[in-house]
Amino acid sequence: MSDRRIPALVLAAGGGRRLGGRPKALVEHRGRPLLEHALEVVRAGGCGPVVAVLGAAREEVRARAETGDCLLVDNPAWESGMGSSLRAGLAALPAGAPAVLVMLVDTPGVTPEAVRRLLAAHRAGGQLVAAAYGGRRGHPVLIGARYFAEAADGATGDAGARALLAAHAGGLLLVECGDVAVPDDLDTPEDLARWRASAG
């Protein structure tokens with residue numbers, strides 16, 4: 001199975017309320033929006049095609065971020081939480097996709113190598129796969145097609161795929177990525193300041 005058959009779904013709709021109201025997709029990382037960085041990571045890791053779900057300031061995001069051939073999906077219900085974005089993204093996946101790699105836009109420490117490891121685990125038979133950091137589940141997450149409907153049904157509020165992963169904890173494959181990636185997400189100005197300091 002070619003890695004290029006596995007699409008990526010980048011969840012980038014958040015309004016960044018705890019970040020002072022800056023849409024997370026447009027927060028700058030190394031001189032460019034986080035959305036651009038996330039798209040580059042999943043592409044370099046071997047995913048394709050790529051779908052990104054937008055919400056807060058979506059017209060500004062479309063105007064300012066270079067997204068290439070990424071399919072941009074608007075989620076008008078983005079304020080209800082990540083769950084609505086996951087549902088919108090799953091509905092926009094190409095027909096016949098065998099799995100999807102779900103990436104959060106505010107995890108700039110995720111690397112292409114971490115993405116490659118999850119795709120390799122899927123090729124080896126994994127249908128629910130998550131990056132782990134020191135043995136603890138983190139992001140990104142890979143969801144096999146057999147779970148798409150269940151993932152969408154359980155995606156409420158800010159839970160995203162949490163209900164799905166909890167329901168199938170025994171079948172969830174954790175792939176250690178702590179040696180090649182950092183799991184931090186950027187929720188507050190303090191998170192952003194720490195990340196920028198550590199990233200140089």
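Here is what the cut-offs are and how they apply
Residues numbered from 1 in each chain as written. Predicted model: local features only at pLDDT ≥ 70, side-chain atom pairs only at ≥ 80, totals over all residues. Heavy atoms only, no water. Helix = DSSP H or I, 4+ residues; strand = E, 2+ residues; numbered from the N terminus. Rg over C-alpha atoms; globule rule 2.2 N^0.38 Å. Buried < 20%, exposed > 50% of the residue type's maximum accessible area, 1.4 Å probe, protein only. Contact = heavy atoms within 4.5 Å. Areas by Shrake-Rupley, 256 points an atom, 1.4 Å probe, with all protein chains shown as cover. Lys, Arg positive; Asp, Glu negative; His and termini not counted. Charge placed at Lys NZ, Arg CZ, Asp CG, Glu CD. Pairing = 2+ DSSP bridges. Axes fitted to C-alpha atoms, helices over the stretch in contact; angles between N-to-C directions. Core = buried A, V, L, I, M, F, W, Y, C linked by side-chain atoms within 4.5 Å. Parallel < 35°, antiparallel > 145°, perpendicular 65-115°, else oblique. Left-handed = near helix turned anticlockwise from the far one by under 90°. Arc of directions from axis to C-beta. Salt bridge = Lys/Arg side-chain N within 4 Å of Asp/Glu carboxyl O. Polar contact = N/O pair within 3.5 Å; in protein donor to acceptor, adjacent residues only side chain to side chain.

A few words on the overall build of the chain. Scanning the chain for helices and strands turns up seven helices and nine strands. Taken over C-alpha atoms, the radius of gyration comes to 15 Å for the chain, in line with the 16 Å a tight globule of 200 residues would show. When its C-alpha atoms are laid out on the principal axes, the chain stretches across 40 × 35 × 30 Å. Per-residue burial for the chain yields a buried fraction of 53% across its 200 residues. Here the analysis covers contacts within the chain between residues at least 6 apart in sequence; of these, 70% occur between residues at least 24 apart. For the chain, the accessible area works out to roughly 8,800 Å², and carbon and sulfur atoms hold 50% of it. Here the chain carries 22 positive and 22 negative side-chain charges, and the mean point of each set is 2 Å from the other.

Below, the discussion takes up the sheet that holds strand E4 (residues 50-54). Reading across from one edge, E5-E4-E1-E6-E8-E7-E9 is the order of the seven strands in this open sheet, with mixed pairing throughout. In this open sheet, the two strands that pair with only one neighbour each are strand E5 (71-74) and strand E9 (173-176). When the angles between neighbouring strand axes are averaged without regard to direction, this sheet yields 25 degrees. Relative to strand E8 (residues 136-144), strand E6 (residues 99-104) runs antiparallel, the two sharing four bridges. The residue of E8 that forms the bridge with Ala-99 is Gly-144. Sitting on the sheet, helix H3 (residues 82-91) touches strand E1 (8-12), E4, E5 and E6, and the angle it makes with E1 is about 145 degrees.

The biggest cluster of nonpolar side chains holds 41 residues, and the ones touching the most others in it are Val-10, Leu-35, Val-42, Met-103 and Leu-118. Those elements giving two or more residues to this core turn out to be E1, helix H1 (34-44), E4, E6, helix H4 (112-123), strand E7 (128-133) and helix H7 (189-198). Looking at which element gives the most residues to this core, the answer is H1, with six residues. Leave out the neighbours within four places in its chain, and Val-42 touches Ala-8, Val-10, Cys-47, Val-50, Leu-101, Met-103 and Val-115. With 25 residues, the next largest nonpolar core counts Val-73, Leu-93, Leu-104 and Ala-155 among its residues.

It is the contact of H1 with H4, at a shortest axis distance of 7 Å, that shows an interaxial angle of 45 degrees. Here H1 lies oblique to H4, going by the angle between them. In this structure, H1 crosses over H4, and the sense of that crossing is right-handed. Here H1 contributes Val-41, Val-42 and Ala-44 to the contact with H4, which in turn contributes Pro-112, Val-115 and Arg-116.

Now for H7. Given 3.6 residues per turn, any residue in an α-helix points the same way as the ones three and four places further on. Those residues of H7 that sit buried are Asp-191, Leu-192 and Trp-195. Projected down its long axis, H7 carries its buried residues within an arc of 95 degrees, all on one side. Opposite the buried face of H7, by more than 90 degrees, sit the exposed residues Arg-194 and Ala-197. Each element contacted by the buried residues of H7 is listed here: strand E2 (28-29).

Between side chains of opposite charge, pairing is possible as soon as their charged atoms come close. For the structure shown, the criterion picks out nine salt bridges. Glu-40 is the partner of Arg-32 in a salt bridge, and the nearest nitrogen-oxygen pair spans 3.0 Å. When the shortest N-O distance is used, the salt bridge between Arg-117 and Glu-113 registers 3.2 Å. Residue Arg-117 and its partner Glu-113 are both found in helix H4; the two are separated by four residues, about one turn of the helix. Accessibility expressed as a relative area gives 23% for Arg-117, which makes it partly exposed. Because the salt bridges share partners, they merge into one network encompassing Glu-113, Arg-116, Arg-117 and Asp-179.

Positionally, Lys-24 belongs in the loop between E1 and E2. Overall, Lys-24 belongs to the buried group, its relative accessible area being 13%. For the pair Lys-24 and Val-61, spaced 37 residues apart in sequence, the C-alpha to C-alpha distance is 9.8 Å. In this structure the side chain of Lys-24 is engaged in a polar contact, spanning 2.6 Å, whose partner is the side chain of Asp-106.

Read these as spatial facts, not as claims about activity.
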